Amino acid sequence: QFTSMRVNLPNRVYDPKIGAELYNMYLDQYVLADELGLNCMINEHHQTATCLNSAGPLPLAILARQTKNARLCILGNPVANLADPIRCAEEMAMIDNISYGRLDCGFVRGVPYELFASNANPTETSERLWESIDLIVKAWTTKDGPFNYEGKWLHKRQVNVWPRPYQQPHPPIWTTGGSDLGHACRTVERGFTFAMFLTPYERLAQMFMGVRNYCRDEGLPAPADDQFAFMPLVAVGETEEEARHFIDGVFWYVTHNKSESQFRAPPGYVERSLYADFLTGRFTGGRTDAIRNEGMEYFRRNHVAIYGTPDAVVQQIEELYEKIGGFGHLIAMLHAGDMDFDTTAKSMTLFAREVAPRLKNLGTKRDGFGPLGQRRTVMPRNAIGTA
């Protein structure tokens, strides 16, 4: 008896013939996004039916060759659960070269559901994440021969990554988060981009403003909008009715992404002060039981789901921008569940042709240097991708 599609649905229900068709359809969607002038976001999850992308670097490498113009953002590499972050540094450097410098490299702790399969200690993942990022950046930027590394969790000999990244000193770095303001501040303070997924706008505003206040209080430069990213569910139709039909397909990801509380909140994954809220799902995002039960209109009012005609979608995005004090990257989740290619393509095409051009000047971008003085590759304003 299985109780969660997210965690314990047995893989005997997977049909390899159908799966092969799906993988190729997903890659075709990304290629279409590139042709339409959109950027692409790739993520990965493990041992679950809700996301078949179990190895993000594989489709990322394919798209580095198949696409021509799109920025390719991986959100992300679960380095907190990887035995060898140096292997990740090598893979990402190769992809950056193959794509001629179109990689944006995201690093994540990994969702709590996956800690059991990886046999990871939830109390260690935050420290492991940041130590892995530090090691990868050092590996990317060291040019004068091998070095040894002795950290709390990682111990490496003769680190000498070939190839070097195409972008110098390294590709733009992103992290993701939900309720840990300290993590978000650390991300932006280092000149990286901080992303949140499927979060009601009040919580989104609280987190983004918290980072801005931290930078002000610490005497750091005010972060530009392009250091903040958000992923809502998105659908665009020629009519309101068509858009509602499309968003119902994308909404599948929310309604079927359920799991028991012991998988959602393993002890130690978040701070004790946040544990009760995390367990009850009061503000951890759009995939908790407390928020699912509110229904689609709640998701629309809170900008977790953005859908409608092109004019309506532009208006909703502009309203969200004002409510949360600005953000520079919108990651539009345009596909989920059993949506076929044609349905996704129509919504994506309307978004690319009739929504995205009207948002190009929305938001501010940083100059050539991050808050700590590192040279940064500046992303286009309001970079928009597909999930």
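Located above this text is the structure these notes cover.
Structure report, in brief. The structure displayed is predicted, hence computed values, not measured ones.

### Observations regarding the overall build of the protein
Each helix and strand counted, the protein has 15 helices and 12 strands in total. Going through the 387 residues of the protein one by one, you find that 56% of them count as buried. Across the protein, every contact between residues at least 6 apart in sequence was considered, and the portion connecting residues at least 24 apart equals 72%. Looking at the protein as shown, the accessible area adds up to about 17100 Å², and 50% of this sits on carbon and sulfur atoms.

### Some words on the side chain of Asp96
When you line up the elements, Asp96 lands in helix 3 (residues 85-98). Reaching out from Asp96, the side chain makes a polar contact with the side chain of Gln167 at a distance of 2.7 Å.

### What about the nonpolar core?
One recurring pattern in soluble globular proteins is that nonpolar side chains are buried together. In this structure, Met92, Phe107, Trp140, Phe208, Ile317, Phe327 and Phe351 are the most contacted members of the largest nonpolar core, which totals 77 residues. Top contributing element to this core by residue count: helix 5 (residues 125-141), with 8 residues. In this structure Trp140 touches Ala89, Met92, Ala93, Cys105, Phe107, Pro165, Pro169, His170, Pro171 and Ile173, once residues within four positions along its chain are discounted. In this structure, Phe197, Ile247, Tyr253 and Tyr298 belong to the second largest nonpolar core, which totals 27 residues.

### Details of the environment of Thr125
Inspection of the secondary structure assignment puts Thr125 in helix 5. Separated by 15 residues in the primary sequence, Thr125 and Gly110 have C-alpha atoms spaced 8.4 Å apart. Apart from the residues lying within four places of it in its own chain, the contact partners of Thr125 are Ala80, Asn81, Arg109, Leu115 and Tyr269.

### So, helix 15 (residues 341-355)
Helix length check: helix 15, at 15 residues, gives a terminal C-alpha distance of 20 Å against a target of 21 Å (1.5 Å per residue), a fit within 8%. Within helix 15 the residues assigned to the buried category are Thr344, Ala345, Ser347, Met348, Thr349, Leu350, Phe351, Ala352 and Val355. Two or three places before Asp342, at the start of helix 15, stands the capping residue Asp340, its side-chain oxygen 3.3 Å from that residue's backbone nitrogen.

### Side note on helix 7 (residues 201-217)
In this model, helix 7 (17 residues) spans 24 Å end to end at C-alpha, consistent with the 24 Å of a helix rising 1.5 Å per residue. On its buried face, helix 7 sits against helix 6 (181-189), strand 7 (193-197), strand 8 (228-231) and helix 14 (310-324). Trailing helix 7 by a residue or two, Gly219 shows a phi angle of about 75 degrees, which is positive.

### Observations regarding the packing of aromatic side chains
Enumeration over the complete set of coordinates arrives at 7 aromatic pairs. Taking 6.0 Å as the distance between ring centres and 85 degrees as the angle between the ring planes, the aromatic pair formed by Tyr100 and Tyr166 counts as edge-to-face. Of the two residues, Tyr100 is situated in the loop between helix 3 and strand 3 (103-107) and Tyr166 in the loop between strand 5 (155-159) and strand 6 (173-176); the sequence distance between them amounts to 66 residues. Residue classification places Tyr100 among the exposed positions, given a relative accessible area of 61%. Where Phe208 meets Phe228, the ring centres are 4.7 Å apart and the plane angle is 40 degrees; that geometry is what we call tilted.

Reading the values: rules and limits
Residues numbered from 1 in each chain as written. Predicted model: local features only at pLDDT ≥ 70, side-chain atom pairs only at ≥ 80, totals over all residues. Heavy atoms only, no water. Helix = DSSP H or I, 4+ residues; strand = E, 2+ residues; numbered from the N terminus. Buried < 20%, exposed > 50% of the residue type's maximum accessible area, 1.4 Å probe, protein only. Contact = heavy atoms within 4.5 Å. Areas by Shrake-Rupley, 256 points an atom, 1.4 Å probe, with all protein chains shown as cover. Polar contact = N/O pair within 3.5 Å; in protein donor to acceptor, adjacent residues only side chain to side chain. Core = buried A, V, L, I, M, F, W, Y, C linked by side-chain atoms within 4.5 Å. Expected span 1.5 Å × (residues − 1). Phe/Tyr/Trp six-rings, centres within 6.5 Å; stacked < 30°, edge-to-face > 60°.

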